[in-house]
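Commentary on secondary and tertiary structure
So the chains spell out like this:
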Amino acid sequence: MLIPIIECVMLCGRQGLPLRGHRDSGPICFESELQPYVNEGNFRAILKYKAKDLDSFKEFLESNSRYKYTSSNIQNQIISSCGDLILEKIVKEINTSECFSILADETTDVSLKEQLTLCVRFVTGTEKNVNLREVFLKYIVIHSLTGKDIANSIINGLNSCGIDCCNMVGQGYDGASNMAGHVKGTQKIVSENFPKAIYVHCAAHSLNLAVSAACDIQAIRNCLGIVEKMYCFFNTPKRKDMLLSEIAESDFNPDSKSLKRLCATRWVERYSAIHDFVELYPCVVSALDKISEWKDSTATDANILAKSMDSEFFVSLQVIKVLFAYGLPLCKLLQKVELDLKEAVDLAEVTVTSIQCLRDNIEQEFNKMFKEAEKMADVVGVSISIKRQNKINKNRANLCINDITPEKYYCITIAIPFIDSFIQQLNERFLKHKNILKGFGCLFSKTYADEFDELVQFYLDTDLQIVKAELRLWHTKLEKNNEQPKNALDALRVCNKEIFPNIHRLLKILCTIPVSTATPERTFSCLKRLKTYLRNTMTETRLNGLTMLAIHGDVPLTAEEVLDDLAKKPRKLDFLL
C-alpha cells in the first residue's frame, strides 16, 4: 500500500508539481455521480487516479484506518528520503573521482531568504568513457554575506553531504569582493583550509565584465540606452499591439516579433536584443509615427524616441551588432559543462585574434557597417552627417571637419575606440586564466616551462624527475600515434592511468578546475519554479528534497529503495514488509 504513495510523491517531485492543494486534509473520498469534483491537490488526485486500477489500494484509502500515510508529515519524510538517497549516490561518485571543484553562487528566493547553492564539478567514468559532470548538492540558507560566513557555510555543507574536502582542487565563484577577495574573501578562507583549491573567476562573468567596460564609450552607451528605452516603451499592451500590427502589415517577414531587453547579466540576450531591434527597425519607426499622433502624453514620448535616433545612433548600432556577433560564440561555449580551462582560454584567444583582424582592416570593415547605417537612416529620410562641433567639449571628439567625411569621422570616434577597448578588456579579464593554465600547457606541447615544476610540487607528492620522464614518454606517445588532443578531456581519454599515473592525475585536475558558474545559476531557475509565492513557507529540507528530484532525473531511484530507507528510521508504527 505504501509503494503507490511513494510513487505519487516521486512523480510530483520529478515533474516539479506542487503536492498540496487548498484543501487536502481529512479522509480521501472518491467522488460519485451525486458528489461534485473537488480539487484536493496533485498528490491526492494522482492517488485517486491510481486507485482506479488497484482495488485493494482503493479499499485501503477508503478504510477507517487511522494510518493512511498520506499526511503532509509523511510526504516530507518521503521527499527527504528521496533527496538523501540521490545525494548519497552522487557523493559516492564524487569521492570515487579523487578530486573535485566547488561551484557556489547566491540568490534571494521569494520568501526573501538568502539561498547559497552548492554544486560540484568532477570527472566520472574511466578510459574512453570519461565524462565531466557538474551536479547540484543542496541549498543553504545564509544570514550573513561576509566571506568568512559563506566559506564556513560551504565547508560545513560539503561535510554534511559526506564529501571528503581534502580532494578539493578548485573553487568557482563570481567576481564579487566577498567571494573573490584575496584578504577576507571566501576563496581566500577556503584555500587556507584546503591549499590545493585554487580560485578561478567565472569566465562567463569575465566576458560580461569585459563587454560592460568596453561599452562605457559615450556613443555606445547612449545607443544601448536608447534600445533599452525602446523596449520599455513598447512593453505595454496597447503600444505592443501597435508594433505587432506594423510587423504584420510589413512587406518583409521578420523572424522576431517583439523587442528584447538588454539583460545586465545574460550577455547572449544583448546580442539578440540588438539583432531584433535592427531587424524590426522599419516597423518600430512606423509604430512611433502612428503613436505620436495619439491625443495623450504617450505621443510626446514617441516623438522624443523617434528624434533620439540620429546619425551617431545608427553608426553605433551597426558597430555594436558586429562586435557582439564576434563574442557570441564564446559566450555560448562558456555555458557548456564539458568545457575545460584550456579550451576556454584558446577560444578567448581566437576571439581576440578575430577582433584584432577586424581592427587591422578597419577601413574596409567599417565601410560595410557605414553602408548599413545609411540604409537605416534612409528609412526616416535623413543622411548620415557629423554632429555639431563645440569649441570646448570634453565628452565628444573634436576633429577638423573641413576635410573629413562622416564615414571617416565616425570610424575614428566610435568604431576604433570601441574595438580597441573590447580587445584590451578581453586580454585583461582572461589574463588570470592564462596564468593558471601556464603549467598545464606542458601537457599538450613539447615546450617546457618552469611553471610545470611548481605545478608538480603543488599537486603531486612525488619525485619531480619521475614526472619529467613520464611527461617525455607522454609526448612521445602522442607524437607516435599522431594524436593532438584539443582539450584536457580528450587527452584524459587516451591517457592510460597505469602507464602515466602522474600525467593522468594532472589531466584530471585540469578537467576538474572550474570554468564558469553556469550550473549554479541554472539551479536558480529550478528554485523559482519550486518555491513560488504560493509555496513560500516551504522548509529547507523539503526544498532540497524536491530540488534533488527535479534536477537529478538521470539518477535512478525506485520506490522500494525509498521504502527501505523509511523503514530504517524510528516511528510510532513500523512498516510491515
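Residues numbered from 1 in each chain as written. Predicted model: local features only at pLDDT ≥ 70, side-chain atom pairs only at ≥ 80, totals over all residues. Heavy atoms only, no water.

Below, the discussion takes up the overall build of the protein. Secondary structure assignment for the protein yields 25 helices and 5 strands. C-alpha extents for the protein along the principal axes are approximately 95 × 80 × 45 Å. For the protein, the proportion of its 577 residues judged to be buried stands at 49%. Within the protein, residue pairs in contact and separated by at least 24 positions form 71% of the contacts whose partners lie at least 6 positions apart. For the protein, the exposed surface amounts to about 29,000 Å²; the carbon and sulfur share of it is 51%. Side chains of the protein give 72 positive and 73 negative charges; the mean places of these two sets differ by 3 Å. (Helix = DSSP H or I, 4+ residues; strand = E, 2+ residues; numbered from the N terminus. Buried < 20%, exposed > 50% of the residue type's maximum accessible area, 1.4 Å probe, protein only. Contact = heavy atoms within 4.5 Å. Areas by Shrake-Rupley, 256 points an atom, 1.4 Å probe, with all protein chains shown as cover. Lys, Arg positive; Asp, Glu negative; His and termini not counted. Charge placed at Lys NZ, Arg CZ, Asp CG, Glu CD.)

This next bit is on the packing of aromatic side chains. What the rule picks out here adds up to 14 aromatic pairs. Aromatic side chains Phe458 and Tyr459 sit 4.8 Å apart centroid to centroid with 80 degrees between the ring planes, which places their arrangement in the edge-to-face category. Under the relative-accessibility criterion, Phe458 is labelled partly exposed at 34%. By relative accessible area, which is 4% here, Tyr459 ends up buried. (Phe/Tyr/Trp six-rings, centres within 6.5 Å; stacked < 30°, edge-to-face > 60°.)

Turning to a nonpolar patch on the surface, a few remarks are in order. A surface patch of nonpolar side chains, about 370 Å² in accessible area, is lined by Val110, Tyr533 and Leu534. By the element assignment, Tyr533 lies in the loop between helix H23 (518–530) and helix H24 (540–551). By relative accessible area, which is 63% here, Tyr533 ends up exposed. (Patch = residues over 30% accessible without salt bridge, like charges linked within 9 Å, V, L, I, M, F, W, Y side chains within 5 Å. Salt bridge = Lys/Arg side-chain N within 4 Å of Asp/Glu carboxyl O.)

A few words on the side chain of Arg239. Structurally, Arg239 is set in helix H10 (residues 237–249). Polar side-chain contacts of Arg239 include one of 3.0 Å to the backbone oxygen of Phe233. Residues within four places of Arg239 in sequence aside, it is in contact with Phe233, Phe234, Ile291, Trp294 and Thr298. (Polar contact = N/O pair within 3.5 Å; in protein donor to acceptor, adjacent residues only side chain to side chain.)

What follows deals with a negative patch on the surface. A cluster of like negative charges, contributed by Asp53, Asp55, Glu59 and Glu62, occupies part of the molecular surface. Relative to the assigned elements, Asp55 resides in helix H3 (residues 55–62). What makes Asp55 exposed here is its relative accessible area of 56%.

Contact geometry for helix H20 (residues 464–480) and helix H22 (residues 501–512): axes closest at 8 Å, N-to-C directions at 85 degrees. It follows that H20 is roughly perpendicular to H22 by the angle criterion. Packed against H20, whose contacting residues are Ile466, Val467, Glu470, Leu471 and Trp474, the element H22 presents Pro501, Asn502, Ile503 and Leu507 at the interface. For the contact of H20 with H22, a count of residues per class yields 7 nonpolar, 1 polar and 1 charged. (Axes fitted to C-alpha atoms, helices over the stretch in contact; angles between N-to-C directions. Parallel < 35°, antiparallel > 145°, perpendicular 65-115°, else oblique. Nonpolar A, V, L, I, M, F, W, Y, C, P; charged D, E, K, R; others polar.)

Spanning 18 residues, helix H16 (residues 362–379) covers 26 Å between terminal C-alpha atoms, matching the ideal 26 Å at 1.5 Å per step. Those residues of H16 that are buried lie in contact with helix H12 (281–291), helix H14 (311–333), helix H15 (341–360) and helix H17 (406–429). Phi turns positive, to about 75 degrees, at Gly381, one or two residues after H16. (Expected span 1.5 Å × (residues − 1).)

A word on the pattern of salt bridges. Across all of its chains, the model carries 19 salt bridges by this definition. Between Glu561 and Lys89 there is a salt bridge, and its shortest N-O distance comes to 3.2 Å. Residue Glu561 is found in helix H25 (residues 559–567), and its partner Lys89 is found in helix H4 (residues 72–97); the two are separated by 472 residues along the sequence. Here Glu561 falls in the partly exposed class, since its relative accessible area comes to 29%.

A few words on the nonpolar core. Of all hydrophobic cores here, the largest spans 79 residues; its most connected members are Met230, Phe234, Phe277, Phe366 and Phe418. Phe277 has contacts with Val227, Met230, Leu259, Val284, Met309, Phe313 and Leu317, leaving out every residue within four places of it along the chain. (Core = buried A, V, L, I, M, F, W, Y, C linked by side-chain atoms within 4.5 Å.)

Taken together, the 5 strands give an open sheet; going across it, the order is S3-S2-S1-S4-S5, and neighbouring strands pair in mixed fashion. Every interior strand has two partners, whereas the edge strands, strand S3 (131–142) and strand S5 (198–201), have only one. Each strand of the sheet is rotated relative to its neighbour by a mean of 25 degrees, with strand direction disregarded. As judged from the 11 bridges shared by strand S2 (residues 114–124) and S3, these two strands associate in the antiparallel manner. When the sheet's bridge partners are listed, Phe122 is paired in S3 with Arg133. Helix H5 (residues 147–161) rests against strand S1 (100–108), S2, S3 and strand S4 (168–173) of the sheet, and its axis sits at about 115 degrees to S3. (Pairing = 2+ DSSP bridges.)

Quick look at unusual backbone geometry now. The backbone of Leu112 sits at a positive phi, close to 65 degrees, despite the residue not being glycine. Mapped onto the elements of the fold, Leu112 is located in the loop between S1 and S2.

Right, let's get into the pairing of S5. The two faces of the sheet receive side chains in turn, since in a regular strand these alternate between them. The alternating pattern of S5 places Ile198 and Val200 and Tyr199 and His201 on opposite faces, both of which are buried. Relative to S5, S4 runs parallel, the two sharing 4 bridges. Its bridge partner lying in S5, Gly172 is registered against Val200.

As a further point, take the packing of helix H9 (residues 218–233) against H14. H14 packs onto H9 with a crossing angle of 90 degrees between their chain directions and a minimal axis gap of 9 Å. For the element pair H9 / H14, the angle class is roughly perpendicular. On H14, the residues that touch Ala219, Ile220, Asn222, Cys223, Leu224, Ile226 and Val227 of H9 are Glu312, Phe313, Ser316, Leu317 and Ile320. Residues that form the contact of H9 with H14 fall into these classes: 9 nonpolar, 2 polar and 1 charged.

Now for H14. An ideal rise of 1.5 Å per residue puts 33 Å on 23 residues; H14 measures up with 35 Å between its terminal C-alpha atoms. Of all the bends in H14, the greatest, near 35 degrees, is centred on Gly327, and the proline Pro329 appears no more than four residues after it. (Bend = angle between axes of the 7 residues up to and from the residue.)

It is worth spelling out the environment of Phe234 at this point. Along the polypeptide, Phe234 turns up in the loop between H9 and H10. For the pair Phe234 and Leu328, spaced 94 residues apart in the sequence, the C-alpha separation amounts to 26 Å. Apart from residues no more than four positions distant in its own chain, Phe234 is found in contact with Arg239, Lys240, Leu243, Leu259, Val284, Ala287, Leu288 and Ile291.

The values are spatial; any link to function lies outside them.
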